[in-house]
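# Fold and geometry: a report
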Amino acid sequence: MNTANKATNSSPVIFLDFDGVLQTPALGHWIEMEHTDALEQLVAAFPELGIVVTSTHREGRSLAELRLLLPESLRSNVIGATEVTALGRAAGGRQREIEQWLQAHPWVTAWVAVDDEQALFRETCDWLVLTHKWIGWDELTTAEVVRLLGLSRIRKLSAPEFVSRLADGAPCTGVGHR
């Protein structure tokens, strides 16, 4: 397995929650990593994207163990995880953990967080893409991530190309900037 990191120091970063984003509750239990298709398509289109895990799944797991929770096509894009802090589950706590990670990695110039819990971010956070815990990551999530990160390659498709991609099942496809 090739675990070479595709992301570079100047790559845009997605701060990624798992529960309610990549997996959703169904009939009282969580379906493991059920909603990864759209993220996998996004990473295939933009292999330079870095993923930083913010999910509570990072607690007690190494980076290698976190990568194994994801499909193989995403593993080499996982470049880190935010530090678990005592205030991480408090109001605005996940945003603070992300901001601490960004302070330690000043070369990251574009980022977005994808999460299903608004309360873990300040209301003024303009680089948060919210998912619904019952729906998870979908085409609308992809479109918003693309918009906020300014990933222009998808937006420059001609109308016929765009329609063709949709017919083939491709996704319709505020960011933080320094």
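Our structure is the block above this text.
Conventions and cut-offs
- Residues numbered from 1 in each chain as written.
- Predicted model: local features only at pLDDT ≥ 70, side-chain atom pairs only at ≥ 80, totals over all residues.
- Heavy atoms only, no water.
- Phe/Tyr/Trp six-rings, centres within 6.5 Å; stacked < 30°, edge-to-face > 60°.
- Helix = DSSP H or I, 4+ residues; strand = E, 2+ residues; numbered from the N terminus.
- Buried < 20%, exposed > 50% of the residue type's maximum accessible area, 1.4 Å probe, protein only.
- Salt bridge = Lys/Arg side-chain N within 4 Å of Asp/Glu carboxyl O.

## A look at the packing of aromatic side chains
Any pair of aromatic rings gets described here by the distance separating the centres and the angle formed by the planes. Applying the stated rule across the entire model yields 3 aromatic pairs. Measuring from centroid to centroid gives 6.3 Å for Trp111 and Trp127, while their planes differ by 75°, and the two rings are edge-to-face. Of the two residues, Trp111 sits in strand S6 (residues 110–115) while Trp127 sits in the loop between S6 and strand S7 (128–130), which places them 16 residues apart along the sequence. For the pair Trp111 and Trp127, a shared accessibility class is recorded, and that class is buried. Summarising the aromatic geometry, the rings of Phe121 and Trp127 are spaced 6.2 Å apart at their centres and angled 85° between planes, so their arrangement reads as edge-to-face. Residue Phe121 is classed as buried on the basis of its relative accessible area, which comes to 4%.

## With respect to the pattern of salt bridges
Side chains that differ in sign of charge can pair as their charged atoms come close. Evaluation of the coordinates by the stated rule reveals 5 salt bridges. Linking Asp17 and Arg94 is a salt bridge whose minimum nitrogen-to-oxygen distance equals 3.4 Å. With a gap of 77 residues between them, Asp17 in the loop between strand S1 (13–16) and strand S2 (24–26) and Arg94 in helix H4 (residues 93–104) connect regions that are remote in the sequence. A single burial state applies to Asp17 and to Arg94, both of which are buried.

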